[in-house]
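The lines below spell out each chain.
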Amino acid sequence: MATRAAIYARVSTIGHGQSPEMQLSELREHCNRRGWQIAGEYVDTGISGAKDRRPELDRLMQDGHRRKFDVVAVWKFDRFARSVAHLLRALDTFRVLGIEFVSLSESLDTATPAGRMVFTVLGAVAELERSLIAERVRAGLRNARTKGIKLGPPSMNLDRARIVHLRAQGSSLREIATELGCSHALVHKSLANSHPIRDEKEGG
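Note that the structure is predicted; figures quoted are calculated from it, not measured.

Trainee: Explain the packing of helix α2 (residues 55-65) against helix α4 (residues 84-97) here, please?
Mentor: Axis angle and axis distance: for two packed helices, these are the angle between their axes and the distance between the axes, and together they describe the pair. At a minimum axis distance of 10 Å, the contact between α2 and α4 shows a crossing angle of 25°. Here α4 runs roughly parallel to α2, going by the angle between their axes. Contacts between α2 and α4 involve L57, L60, M61, G64 and H65 from the first element and H86, A90, T93, F94 and L97 from the second. Of the residues assigned to the contact of α2 with α4, the class counts are 6 nonpolar, 4 polar and no charged.

Have a look at this one:
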């Protein structure tokens, strides 16, 4: 049974010399050389690569889950993925589904040992980037603490005695919160730390 291929192309603008036909032509030729049957062509036109949602790419991923093809071929990484992280997530999805991935410009074919190695290296680079970002965040927090900078949302000093007094006069939690300019939850927490409060049914 012939290998079924899905080819994906994208151009960010329509006109001005941009056309998906050049990408499609090379992809069709590659499939023909490999003896692959083209199961579908997915083309996004006038859509930036930075966009999270692309109709044809979304359709390709849906058809991939339906196992309508065995390999996805693209002209270049940046035509397909908006970032390395996005590319790796897609490649991991294809791996789970048993679908191979080919990028003509980068000569990547996950069906080959060299292609699998590139995939592994990309994953390692992305993991290193995540680790470096996390370490920079932790270093920033440590630096802030050493300088005495308080982290997190500013604390609100509530007059707990006034809250208890208003509550004793029969004010609801919502009414107290409105008068003190704080949240209903904060009033509830303040009262709970003072003494047990009985459940109430509040309207409005």
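Trainee: In this structure, what is going on with the nonpolar core? I would like to understand it.
Mentor: Considering soluble globular proteins, one finds that nonpolar side chains tend to be buried as a cluster. The biggest cluster of nonpolar side chains holds 19 residues, and the ones touching the most others in it are L60, V72, F80, F94 and F101. Elements that contribute at least two residues to this core include exactly β1 (4-11), α2, β3 (71-74), α3 (77-80) and α4.

Trainee: Looking at this model, I keep getting lost on the sheet that holds strand β4 (residues 100-103). Mind explaining?
Mentor: Hydrogen bonds along the backbone pair up the strands of a sheet, which may run parallel or antiparallel. Taken in spatial order, the 5 strands of this open sheet run β2-β1-β3-β4-β5, and their pairing is mixed. Both outer strands of the open sheet, β2 (37-45) and β5 (108-109), are each paired with one neighbouring strand and no more. By the bridge criterion, 4 bridges tie β1 to β3 in an arrangement that is parallel. Its bridge partner being in β3, I7 is matched across the sheet by A73. Sheet contacts for helix α1 (residues 21-34): β1, β2, β3, β4 and β5; angle to β1, the most-contacted strand, approximately 165°.

Trainee: Can you help me understand the side chain of E56 in this one?
Mentor: Among the structural elements, E56 can be located in helix α2. For E56, the contacting residues outside a window of four places in its chain are Y8, E41, Y42, V43 and D44.

Thresholds applied
- Residues numbered from 1 in each chain as written.
- Predicted model: local features only at pLDDT ≥ 70, side-chain atom pairs only at ≥ 80, totals over all residues.
- Heavy atoms only, no water.
- Axes fitted to C-alpha atoms, helices over the stretch in contact; angles between N-to-C directions.
- Helix = DSSP H or I, 4+ residues; strand = E, 2+ residues; numbered from the N terminus.
- Parallel < 35°, antiparallel > 145°, perpendicular 65-115°, else oblique.
- Contact = heavy atoms within 4.5 Å.
- Nonpolar A, V, L, I, M, F, W, Y, C, P; charged D, E, K, R; others polar.
- Core = buried A, V, L, I, M, F, W, Y, C linked by side-chain atoms within 4.5 Å.
- Buried < 20%, exposed > 50% of the residue type's maximum accessible area, 1.4 Å probe, protein only.
- Pairing = 2+ DSSP bridges.

Taken by themselves, the reported measurements are silent on function.
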